[in-house]
Structure formats: C-alpha cells, structure tokens
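Examining the three-dimensional arrangement
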Amino acid sequence: MKLVVVCPHFAPDVAPTGEVMTKIVEQLAARGHHIDVITSLPWYEHHAVEPEFRGKAFRTQTVSWGRITRVHPFPTDKRDIPRRALAFGGFSALVSGVGVAGGRVDGVLAMSPPLTLGLTGWSIAIARRAPLVFNIQDVFPDVAIELGVLKGERVIAAARWLERLTYARADAVTVLSEDLRENVAAKVEPADIAKVRVIPNFVDTRWITPQPRENTYRRELDVEGKTVVMYAGNIGMSQSLELMLAAATALAHDPEVVFVINGGGAARPGLEVAARGLPNVRFVDLQPRARLPEVLAAADIHVVPLKRGLGRSSVPSKTYSILAAGRPVLASVDRGTEVERIVEQSGAGVSVPPDDPEAFTKALSRLVAAPDELARMGAEGRRFVEGWASPEAVAVQYEDLFAELQSTRR
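This write-up is about the structure you can find in this document. Quantities reported herein were computed from a predicted structural model and do not represent experimental measurements.

1. Remarks on the overall build of the chain
- For the chain, the count of helices and strands is 15 helices and 14 strands.
- Radius of gyration (C-alpha) of the chain: 21 Å, near the 22 Å computed for a compact globule of 410 residues.
- Taken along the three principal axes of its C-alpha coordinates, the chain extends 65 × 45 × 45 Å.
- Counting every position in the chain, which comprises 410 residues, the buried fraction comes to 56%.
- Considering only residue pairs separated by 6 or more positions, the chain has 72% of its internal contacts joining residues 24 or more positions apart.

Following this line, the structure appears as structure tokens:
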C-alpha cells in the first residue's frame, strides 16, 4: 500500500505523539508499505524550531520507505489560546498544501491533536482519492474545556462543531481505549458508531527493557543510591504535578528520597517557583529520545498524574514505556479509566484518586518503604506489556483497517 501520514511530530522531535507515530510508520514500512510523512519542523523541546532546521518554511527528506516533509509549526506559548489556535490553523494549512499534491494513494492517516489535522487529512484524502483514518491521541476540546483553557459559549460551541465535523468526514476514527471510544461514539451519528475503533498505543519492548537503576543519568544528577521518584514527560496543564511537590514536602525529612521532574512545558516555570526551598526536588530538561530507556531505568517509582476529569479523554503513552522498563507506577487518575485499569490488571503499581495530595503522599510513602514490593510490581508490569501491545501488532491492525476501507470503497 501507499499511504500518507499526517502528524504534528515525528522523529527526531521528542514529543510523545512523535514517538508513537514514528514507530507506527517504521512498522508499516517494515511490512513493505510506501509512506509519505508530512509533519512539523522539530520544535517541541524548546517551543521554537531547532536551530539546524531554521531558515526554510519546509524541508523534504527522501528515505528508504518514502519521504518525510516537514513544515513550519508556528510555535507559540500553549497558554496563549488565540495565538495557538492560529498556529494550528497555519500549520494545518501548510500540511494540506503539501499533501494534496501527488497521485492516488491507498490511505491517509491523520493524528489529533491538533484537531485541525482532521480537516487537513480530509482534504488530502479527497484530493488523492483515499480513505481517511483519524487517530485520536487526546480528545479535544474535552481536555481544554476541563482544564478551563477553552472558555466562552461561542468558542466552545465552535470547537465542538469542528470536532463533530472531523469525525463525520473520516472513514474510520481510531482511539486508544474503550473510555475514549465511548467518548467519541457519543459525538457521532448512530450510523457512524461502528467506524470508531480501538487500536491501543504500544511500546517497543525490544528497545525499552529493564536495566540497572544505577546509571549515567543518576550520576549526572548526583542521586546514586537514593530512592528516585520521577515524572518524565510534558510539564503541561493536564498533569497535576503539584502532587509531587506536596509529597516532597511531606518526605523532606528523608534525605534518601529524591523527586525528579524531567521534561519541559508551559507549566514548568510556575512549578519551579512553587518548588523553591525544597532541596529534594530536581528539575531536568527533556532528554534526547535515545536516552529514554536509561531515564526510565533510573527511577524507582514513576508518577502518572492526570488532573480530575481528564482520565476519559487522555491515555498517557508514557504508561506503556514505564511498564516496559520494569518500573512500578503511582497513578493519580480518575476511577474506572484506562490508566487505572492498566495498573490494576498488570499489578504494576498503585492508583489513587486525582488531585488528592494526602492519598498520593500516603501511597507513595508505602511504596518507598517496600523495595521488595517495588521490584515485584516492576516485574509484573514488564510481563504484562510484553504480551499486550507490540509495535508489530498495532501496525497489522492499521494495515487491516486500511485494507477493509479499500475493500468497502471498491
């Protein structure tokens, strides 16, 4: 098959969604498919186009399995919603301009967020006479509304209209969990419910493996021999990282416990201000993607904190990577949601209600005091993820979906 993939990030960009789509493309390419990827110039780490990619609005690279075209993402502060909306629109328009050129293809795969890429994928699918699969990583505008970022009846109504329009124009909509499927299915026409499919994210268990906790990353932070509680990922408005500061305050008497917050994002400056005076909290810049297995291995406990109400709209992909690294999880998420189910079914950790500092701190204190239990949880998580969601299995599901859509069209 010949496919067009439209996504906001792609390697070497280090955003979680970039890692996901990179692996999907690699696996589809390994199965013999030709793929044209249209994405952004790398900008995620510093919220500015990386120096080596500046000077041109777009760049094209030919690879063994097809082509990668990168266009300007118009990076802005995530907290400036009007400018961010304009940036999404500008980026999506550039992607459309690149993507509509060319002959017929067998399928178009577009990723959200941003939601505007749904219409971009639709325009490309029309121009190139192909079915469109719209992949939803986080349900927008639900997340933005829940966080209070998107306000005003007219603005919210416009976002809801755009959401329904993008779902209606897609031939299939893929989501990561049953929670997300129920969310999206409630927003489409009854006749379209069947086109909402669950295809989970995955983790490369051959690349991310259990490794010794004492490593170069720990030496760089001068935390050798300590119990490291880590959050690694985007420091944005969806993550309730104030819980880590509350726990760090409660455990400040124990010099053997260190809290590491690894990453960047709009919420980091405020979090750093709030953490002043806490000697057991370390902030570390987002590390190169190649260091991910080492960073994951350096923690004794990983934290997955989602603010209240977001558990049914988002499934952090880091959860799978933590399990693959053989490390336990402390999740602060809504009850009955996908992350809680993963943690409970795998036996890989503990989940507590969201935005509850007392419950979070108590659970963390129990885990810190039970190193043997941490080792057991890590091993259970690794066993679970090895038999659950491999890159090959996910690629086959997308391959089969496009074949099904092509057959229906014929």
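2. Digging into the pairing of strand S5 (residues 107-112)
- Where burial is concerned, most of S5 is hidden: six out of the six residues are buried.
- When strand S1 (residues 2-6) meets S5, the two strands line up parallel, connected through four bridges. By the bridge assignment, Val-5 is partnered in S5 with Leu-109.
- Note that the unit made of S5, helix H3 (residues 117-127) and strand S6 (residues 132-136) has a crossover that is right-handed.

3. Focus on the packing of helix H12 (residues 338-346) against helix H14 (residues 371-386)
- Closest axis-to-axis distance for the H12/H14 pair is 9 Å, and the angle between their directions is 110°. Considering the angle they form, H12 stands roughly perpendicular to H14. Facing Ile-342, Gln-345 and Ser-346 of H12, the residues of H14 in contact are Glu-380, Gly-381 and Phe-384.
- Within the contact of H12 with H14, the residues separate by chemical class into two nonpolar, three polar and one charged.

4. What to know about the packing of H3 against helix H5 (residues 153-169)
- Two numbers describe how H3 lies on H5: the axes approach to 9 Å, and their chain directions differ by 30°. Judged by the inter-axis angle, H3 sits roughly parallel to H5. Like other packed secondary-structure pairs, H3 and H5 cross with a definite hand, here left-handed. Between H3 and H5, the residues in contact are Gly-118, Leu-119 and Trp-122 and Leu-162, Leu-165, Thr-166 and Arg-169, respectively.

5. What to know about the packing of aromatic side chains
- Considering all chains together, one arrives at three aromatic pairs under this definition.
- Relative to Tyr-44, the ring of Trp-43 has its centre 6.4 Å away and its plane inclined at 70°; by these criteria the two rings are edge-to-face.
- Between Phe-134 and Tyr-167, the ring centres sit 6.5 Å apart and the planes meet at 50°, which makes this aromatic pair tilted. You can see Phe-134 sitting in strand S6 and its partner Tyr-167 sitting in helix H5, a full 33 residues away along the chain.
- Lying over the aromatic face of Trp-122, Arg-169 brings its terminal NZ or CZ to 5.0 Å of the ring centre.

Cut-offs applied
- Here the residue index of a chain counts from 1 through its sequence in written order.
- With pLDDT at 70 or above as the cut-off, local features in this predicted model cover only qualifying residues; side-chain atom pairs require 80 or more to be listed or tallied, and sums for whole chains, interfaces and linings still use all residues.
- To obtain the side-chain values, all non-hydrogen atoms of the structure were included, while hydrogens and water were left out.
- Elements are defined by DSSP. Helices are runs of H or I of four residues or more, strands are runs of E of two residues or more, and each kind is numbered from the N terminus.
- We compute the radius of gyration from the C-alpha atoms alone; for a globule the expected value is 2.2 Å times N to the 0.38, where N is the number of residues.
- Type-normalised accessible area, obtained with a 1.4 Å probe on protein chains alone, sets the label of each residue: buried when under 20%, exposed when over 50%, and partly exposed for intermediate values.
- Contacts between residues were defined by any pair of non-hydrogen atoms, one from each residue, lying within 4.5 Å.
- For two strands to count as paired, DSSP must find a minimum of two bridges between them.
- Crossover handedness is defined here as right-handed if the route from the first strand over the helix to the second strand goes clockwise, with the strands pointing away from the viewer.
- Lines are fitted to the C-alpha atoms to define the axes, a helix being fitted only along its stretch in contact, and any angle between axes, read from their N-to-C directions, falls within 0 to 180 degrees.
- An angle below 35 degrees is read as roughly parallel, one above 145 as roughly antiparallel, one from 65 to 115 as roughly perpendicular, and any other as oblique.
- Residue type decides the class: Asp, Glu, Lys and Arg count as charged, Ala, Val, Leu, Ile, Met, Phe, Trp, Tyr, Cys and Pro as nonpolar, and the leftover types, Gly among them, as polar.
- Working rule for handedness: look at the near helix, and if it is turned counterclockwise from the far one by less than a right angle, call the crossing left-handed; if clockwise, right-handed.
- Note on ring pairs: Phe, Tyr and Trp rings are taken, using the six-membered ring of Trp, and paired if centres are within 6.5 Å. Classes follow the plane angle, with under 30 degrees stacked, over 60 edge-to-face and the rest tilted.
- A positively charged side chain is recorded as over a ring if its NZ (Lys) or CZ (Arg) lies within 6 Å of the ring centre. The angle to the ring normal must also be within 35 degrees.

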